[in-house]
Amino acid sequence: DDADRAFGGVLAVFIVATLPDDQPLLAPATRELLETVHETINTTPGLASTVSLLSVWGALPENGAAMWQVLVPESLRARLWHEPTRQLLITARIRDVGVRINRESFTALDAKLEELERRHPGVDLRLTGTTVLASRSVHRMINDLAISLGVAAIVIFFTLAFAFRSLRFGLISMLPNIFPLAFTAGLLAV
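Attention now moves to the overall build of the protein chain. Helices and strands together make up the secondary structure of the protein chain, namely eight helices and five strands. For 190 residues, the compact-globule estimate of 2.2 N^0.38 gives 16 Å, and the C-alpha radius of gyration of the protein chain, at 25 Å, exceeds that figure by more than 25%. The buried share of the protein chain, taken over its 190 residues, is 35%. A fraction of 69% describes how many contacts in the protein chain between residues 6 or more apart in sequence connect residues 24 or more apart. Accessible surface computed for the protein chain: about 11500 Å², of which carbon and sulfur atoms make up 63%. Averaged over its 17 positive side-chain charges, the protein chain has a centre that lies 10 Å from the centre of its 19 negative ones.

Next up, the structure:
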């Protein structure tokens, strides 16, 4: 928890930006896009510590962006820019504060990235990474389980009401069946 707080988060979140074929990597439009994505991430609650090719260019001496391929090791260049697919990788950090809270941050960031795509025609921005995918999967799983519990309660009620041929007995016999369902729903909520 201390490391999580000190570093602004230990979970990685990735944004993959695909540039249009006619936009050179060192074009002013690319720098503007990266600056805007950095600002968007840093103003999204919960997200911090943005790193991308812009960070590397900023750490190089003056006019370093033009020389970045000479000054930066191949292993780092390959992590930030993939020439064949024209994709840039932007990394951010998020604290491990739970799926519900992180999902709110991801939803807000997704909406902001869609707006950026409209402002930068031809650019594709995709929020991805294990943290994002796991958050979405866990959220979907919890929703599916909640729906399953609700359907199970309804099926049990109608089965018992039919077996006893009485809605009243069906409701009364539901009480012992509701406790395990309520307990499971409570665990899901926790």
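Here the narrative resumes, following the displayed structure.
In strand β5 (residues 124–128), alternate side chains face the same way, and those of L125 and L127 are buried while those of D124, R126 and T128 on the opposite face are not. Two strands pair when backbone bridges link them, and strand β1 (residues 11–18) and β5 are joined in this way by five bridges, in the antiparallel orientation. Residue pairing in the sheet places T18 in a bridge with D124 of β5.

With that settled, consider the pattern of salt bridges. Counting across every chain of the model gives four salt bridges. Salt-bridge contacts for R77 lead to E74; the nearest nitrogen and oxygen are separated by 2.4 Å. On the criterion of helical spacing, the pair formed by R77 and E74 is a turn pair, its members being three residues apart in helix α5 (residues 74–80). For E74, a relative accessible area of 48% gives the class partly exposed. For E115, the salt bridge identified is with R118, shortest N-O distance 3.1 Å. Here E115 and its partner R118 are both found in helix α6 (residues 99–119), three residues apart, which amounts to about one turn of the helix.

Looking now at the nonpolar core. Ranked by size, the top nonpolar core spans 32 residues in total, and within it L53 and W57 carry the most contacts. When contributions to this core are tallied by element, the ones reaching two or more residues are β1, α2 (28–42), α3 (53–59), α4 (64–71), β4 (87–94), α6 and β5. Contact partners of L53, with chain neighbours within four places excluded, come to L25, L34, W68, L80, W81 and L88.

What follows is about the packing of α6 against helix α7 (residues 130–164). It is the contact of α6 with α7, at a shortest axis distance of 10 Å, that shows an interaxial angle of 115 degrees. Handedness of the α6/α7 crossing: left-handed. Two secondary-structure elements touch here, α6 through V99, R103, F106 and D110 and α7 through T131, V132, S135, R136, V138 and H139. Among the residues forming the contact of α6 with α7, the class breakdown is four nonpolar, three polar and three charged.

Before going further, it helps to spend a moment on α2. One turn of the α-helix equals 3.6 residues, which is why residues spaced by three or four share an orientation. Here α2 contains 15 residues, and its C-alpha end-to-end distance of 21 Å stays within 8% of the 21 Å for a straight helix at 1.5 Å per residue. Listing the buried residues of α2 in full gives T30, L33, L34, T36, V37, H38, T40 and I41. Where α2 is buried, its residues meet β1, β2 (47–51), α3, β4, α6 and β5.

What counts, and where the lines are drawn
Residues numbered from 1 in each chain as written. Predicted model: local features only at pLDDT ≥ 70, side-chain atom pairs only at ≥ 80, totals over all residues. Heavy atoms only, no water. Helix = DSSP H or I, 4+ residues; strand = E, 2+ residues; numbered from the N terminus. Rg over C-alpha atoms; globule rule 2.2 N^0.38 Å. Buried < 20%, exposed > 50% of the residue type's maximum accessible area, 1.4 Å probe, protein only. Contact = heavy atoms within 4.5 Å. Areas by Shrake-Rupley, 256 points an atom, 1.4 Å probe, with all protein chains shown as cover. Lys, Arg positive; Asp, Glu negative; His and termini not counted. Charge placed at Lys NZ, Arg CZ, Asp CG, Glu CD. Pairing = 2+ DSSP bridges. Salt bridge = Lys/Arg side-chain N within 4 Å of Asp/Glu carboxyl O. Core = buried A, V, L, I, M, F, W, Y, C linked by side-chain atoms within 4.5 Å. Axes fitted to C-alpha atoms, helices over the stretch in contact; angles between N-to-C directions. Left-handed = near helix turned anticlockwise from the far one by under 90°. Nonpolar A, V, L, I, M, F, W, Y, C, P; charged D, E, K, R; others polar. Expected span 1.5 Å × (residues − 1).

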